[in-house]
Amino acid sequence: SVEFTPNDGSAVRTIWGDAIIVATGSKSARYPPTDFSLPGVYDSDTIWNLNRIPKRMLVQGAGIISVEYALIFRKMGAQVTVIDAFPAFLPMLDVSLQDAV
């Protein structure tokens, strides 16, 4: 079980289940030298401003958010290339999960 206080300040609540997923959200990081003011350069907050699915796209970063968007756009038909400065994709995950991706 998990006990929590809703954001509206109402009474403490408890939920039960065999498995409970707590998704806290995240914020994308903007690494230099990427210039997000250039046309065609998006982050996870602005990518949904596209009015069409691109034929090809480059995703910079191999963390959870980057890989998630790469998979979404690949599923929608874009040819996606993921690049990262670090050697492992999804470095926060177990190696067996990294290999699966």
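Per chain, residue numbering runs from 1 following the sequence as it is written. With the structure being a predicted model, the display of local features is reserved for residues of pLDDT at least 70 and the display and counting of side-chain atom pairs for 80 or more, all residues being used for whole-chain, interface and lining totals. Side-chain measures were taken over the full set of non-hydrogen atoms in the model, leaving aside hydrogen atoms and water.

Visitor: Can you tell me about the overall build of the chain, naming the residues and giving the values?
Guide: Helix and strand assignments follow DSSP, with helices taken as H or I runs no shorter than four residues and strands as E runs no shorter than two, numbered in order from the N terminus. Secondary structure assignment for the chain yields two helices and four strands. Written out in order from the N terminus, the α and β elements of the chain read β-β-β-α-β-α. Throughout, radius of gyration means the C-alpha value; the globule benchmark is 2.2 Å times the number of residues raised to the power 0.38. The globule rule puts the C-alpha radius of gyration for 101 residues at 13 Å, and the 18 Å found for the chain is more than 25% above it. With respect to the principal axes defined by its C-alpha atoms, the chain has extents near 45 × 35 × 30 Å. By definition in these notes, contact holds between two residues if any of their heavy atoms fall within 4.5 Å. When contacts within the chain are restricted to residue pairs at least 6 apart in sequence, those whose partners lie at least 24 apart make up 28%. Accessible surface area values rest on a Shrake-Rupley calculation with a 1.4 Å probe, where residue burial reflects the displayed protein chains alone. With an accessible surface of roughly 8,200 Å², the chain has 55% of that area assigned to carbon and sulfur atoms. On the chain, the mean spot of the 8 positive side-chain charges and the mean spot of the 10 negative ones are 15 Å from each other. In this tally, Lys and Arg are treated as positive and Asp and Glu as negative; His is ignored, and so are the chain termini. A single reference atom marks each charge: NZ on Lys, CZ on Arg, CG on Asp, CD on Glu.

Visitor: Residues and numbers for the environment of G63, please.
Guide: With respect to the helices and strands, the residue G63 is situated in the loop between β3 (56–60) and α1 (64–75). Spatially, the C-alpha atoms of G63 and I47 are 16 Å apart, while their sequence positions differ by 16 residues. Beyond its immediate stretch of four places on either side in the chain, G63 contacts L90 and M92.

Visitor: Tell me about the pairing of β3, and please be specific about residues and values.
Guide: Burial classes follow relative accessibility: with a 1.4 Å probe on protein chains only, a residue under 20% of its type's maximum area counts as buried, one over 50% as exposed, and anything between as partly exposed. Residues M57 and V59 point to one face of β3 and are all buried, whereas R56, L58 and Q60, pointing to the other face, are not buried. Two strands are said to pair when DSSP picks up at least two bridges between them. In this sheet, strand β4 (residues 79–83) lies alongside β3 in parallel orientation, the contact comprising five bridges. Directly across from Q60, in β4, lies its bridge partner I83. By convention, a crossover is right-handed whenever its connection, traced from the first strand over the helix to the second and viewed with the strands pointing away, goes clockwise. On the question of chirality, the crossover connecting β3 to the parallel β4 by way of α1 is right-handed.

Visitor: How would you sum up the nonpolar core? Please name residues and give values.
Guide: By nonpolar core we mean a set of buried residues, namely Ala, Val, Leu, Ile, Met, Phe, Trp, Tyr and Cys, connected to one another through side-chain atoms within 4.5 Å. In this structure, I47, M57, Y69, F73 and A78 together form the largest nonpolar core, which totals five residues. Discounting residues that sit within four places of it in the chain, M57 has contacts with I47, F73, Q79, V80 and T81.

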